[in-house]
Each structure stands twice: as structure tokens, then as C-alpha cells.
Amino acid sequence: MEQNNNVISLRDAFVQAVNEQVGKGIYVWGGNGEILDEMKDPFGWIERKETSAADAKRAIALYRKRVEAGFSDIRAFDCSGLVYRALKDLGVLKADVSSRGLYALCRPIEESELIPGDLVFHHDGKQIVHVGVSVGNEQIECKGRDDGVVRNKRRKGYWNRFGRLPAFEAEPTVACVKVLGGSVRVREGGGTHTRCIGIVHKGERYPLLGRALSGWYQILWHGAEAYITNNTRYTEVLHG
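Residues numbered from 1 in each chain as written. Predicted model: local features only at pLDDT ≥ 70, side-chain atom pairs only at ≥ 80, totals over all residues. Heavy atoms only, no water.

Caption draft 1: Region of interest: the overall build of the protein chain. Within the protein chain, the regular secondary structure consists of five helices and 17 strands. Scaling as 2.2 N^0.38, a compact globule of 240 residues should have a C-alpha radius of gyration of about 18 Å, and the protein chain matches this with 18 Å. Viewed in the frame of its principal axes, the protein chain has a C-alpha envelope of about 55 × 45 × 30 Å. Residue burial in the protein chain is summarised as follows: out of 240 residues, 51% are buried. Carbon and sulfur atoms make up 47% of the accessible area of the protein chain, which totals about 11,700 Å². Positive and negative side-chain charges of the protein chain, numbering 34 and 30 respectively, have mean locations separated by a distance of 2 Å. (Helix = DSSP H or I, 4+ residues; strand = E, 2+ residues; numbered from the N terminus. Rg over C-alpha atoms; globule rule 2.2 N^0.38 Å. Buried < 20%, exposed > 50% of the residue type's maximum accessible area, 1.4 Å probe, protein only. Areas by Shrake-Rupley, 256 points an atom, 1.4 Å probe, with all protein chains shown as cover. Lys, Arg positive; Asp, Glu negative; His and termini not counted. Charge placed at Lys NZ, Arg CZ, Asp CG, Glu CD.)

This is how it looks when you write it as C-alpha cells:
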């Protein structure tokens, strides 16, 4: 999808956000992107959220696997939670919705019309029960407790409903924050008192989500909201 150097389309920002969770995010029933390794008792939280002890055991096993692989900021989603969290961070949705609710928000389209960022659904003959995000002939989905967030080839027949969100119809764009300094800290909140969660480097661009009350920029960073200084020595906003 064509875009200039100053902005990124809302659709592409959405795809970027869900793609960041591939191989990292895990499935927990009712999960909406909660960060497990920031919890005092992530195992207890999973057990309380899950539908059975067996399902909780499977989700915990995958979480342990992610930790052992060296991941941090591991988030929990269910299938609709993955989509909802990305749309919420981009300001498209405010209230949590199920896969059925997401389908109701979409304009139905044919499979042949799919482009990256459209939604794909499974209808079990009675109702919509699963949702993923189209990326070419693949989809990104929070598949289940043994798999978490995955990207794989679309299975014909299983994905049998398709939709396009109205927010993407006119191809709106969002401004980007460009990093000017050599290495700039990314924080979880708008202030130096908040935890540093990463480093960004000169020349990198990140979608601008808003401005914190303290004057820091709120950006989309690795699929989630984060904050970066608005000091003109280190960052600038680029508009289309």
C-alpha cells in the first residue's frame, strides 16, 4: 500500500500493531492485551480468567515458554481481544466487542476483495465464533491456548465471512513521530518517572496516537501505546 514518509495509513498502523504480537502474545479467554509480566500473580490471573483448569494449564504453559524464550511485555488476548486492542490504541474503538460484534461493525465483502487489514471470520453455521486479520493470503489470529498469536496461510472453507471496517474505507492517515536523536528512551507513561520500556533510534518513525498532558508524544510502539519526549532536539512530528 502506497504511503509517504511522513504518515502511515490507519489500516497499515493496525496491521503493524497485530503483527507485532505474532509469536509473542498468548491466548487467554477474555484477554484484551493485558501485560502478564507486570502482574504480581500472572498465573492466578490466568486461572481466574480461563474457562477451565485444563485451559488455564495450557495458557500458563505457553506463557512459560514465551518467558523462557526471552520475551518481555507478554500480552494476553483472545481472538477478538487482539483486534480490539489494536483498534482501541488507534482510537477506532472505545468499548470491547466480541468477534460477532466486530462482524456487525464491518461492511461485508467477498474473499476476493480482501486487502491487508480487512477482517476474516469463521461462522460455525449458527453464529460468528472467531476473527482474524487479513494479510495477503494469510491471516493473523490469536489461535488458541497452545499457539497464541500466529500468522499462517488462510484455510479455505474455515474462514467463510469477510468484512471491512468503516474506519479504513477512506484510507485515513495518522501523523508520525520521527526520532532525531541517536538513541531516545520510550516510556510506559508521559514522564521521566515512568518505566523505560525500550530505545528508539535516529531516523525511525512511529505512528502518533496523541499528546500526553505532560507534553510527551503518545506513539504506537511494538503494537501498543507508549510515550516519547517531545523535546525538539530528539523528536519531531511529521504530517502528510
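Still more to cover.
Caption draft 2: Structural detail: the sheet that holds strand S3 (residues 32–35). Taken in spatial order, the three strands line up as S2-S4-S3 in an open sheet, and their pairing is mixed. Edge positions in the open sheet fall to strand S2 (26–27) and S3, since each of these has one partner strand only. For S2 and strand S4 (residues 75–77), the ladder comprises two bridges, and the chain directions are parallel. Residue pairing in the sheet places isoleucine 26 in a bridge with alanine 76 of S4. (Pairing = 2+ DSSP bridges.)

Caption draft 3: Focus on the packing of helix H1 (residues 10–19) against helix H4 (residues 79–89). Contact geometry for H1 and H4: axes closest at 9 Å, N-to-C directions at 130 degrees. In terms of orientation, H1 and H4 fall into the oblique class. In the packing of H1 onto H4, the handedness of the crossing is right-handed. Residue-level inspection shows Phe14, Ala17 and Val18 of H1 in contact with H4, the latter providing Leu82, Val83, Ala86 and Leu87. Looking at the contact of H1 with H4, its residues break down into seven nonpolar, no polar and no charged. (Axes fitted to C-alpha atoms, helices over the stretch in contact; angles between N-to-C directions. Parallel < 35°, antiparallel > 145°, perpendicular 65-115°, else oblique. Left-handed = near helix turned anticlockwise from the far one by under 90°. Contact = heavy atoms within 4.5 Å. Nonpolar A, V, L, I, M, F, W, Y, C, P; charged D, E, K, R; others polar.)

Caption draft 4: Local environment of the layout of surface pockets. In this structure, the largest pocket spans a volume of roughly 380 Å³. Mapped by element, the contributors of at least two residues to the lining of the largest pocket are S3 and strand S16 (224–228). When residues in the lining of the largest pocket are grouped by element, the largest group, four residues, is from S16. Here the second largest pocket defines a volume of roughly 280 Å³. Lining the second largest pocket we find 17 residues, and of these Trp29, Asp78, Cys79, Ser80 and Ser99 sit closest to its centre. Of all elements in the fold, only H4, helix H5 (99–105) and strand S7 (128–135) reach the threshold of two or more residues within the lining of the second largest pocket. Considered class by class, the residues forming the lining of the second largest pocket number six nonpolar, seven polar and four charged. (1 Å grid on protein atoms, 1.4 Å probe; cavity = no way out; pocket = protein on both sides within 12 Å on 5 of 7 lines; lining within 4 Å. Points joined across faces, edges and corners; volume = space filled by probe spheres on them.)

Caption draft 5: Up close: the sheet that holds strand S6 (residues 119–123). Spatial ordering of the open sheet is given by S5-S10-S6-S7-S8-S9, a layout of six strands whose pairing is antiparallel. Two strands in the sheet have a free side with no partner beyond their single neighbour: strand S5 (107–108) and strand S9 (149–153). Strand direction decides the pairing type here: S7 and strand S8 (residues 138–142), joined by three bridges, are antiparallel. From the neighbouring strand, serine 134 faces S8, where its bridge partner is glutamine 139. Packing against the sheet, H1 makes contact with S6, S7, S8, S9 and strand S10 (161–164), and its axis sits at approximately 110 degrees to S7. The strands touched by H4 within the sheet are S6, S7, S8 and S9, with S7 carrying the most contacts at an inclination of about 50 degrees.

Caption draft 6: Broad picture of helix H2 (residues 42–49). Within H2 the residues assigned to the buried category are Pro42, Gly44, Trp45 and Ile46. Tucked inside the fold, the buried residues of H2 contact S2, S3, helix H3 (53–68) and S4.

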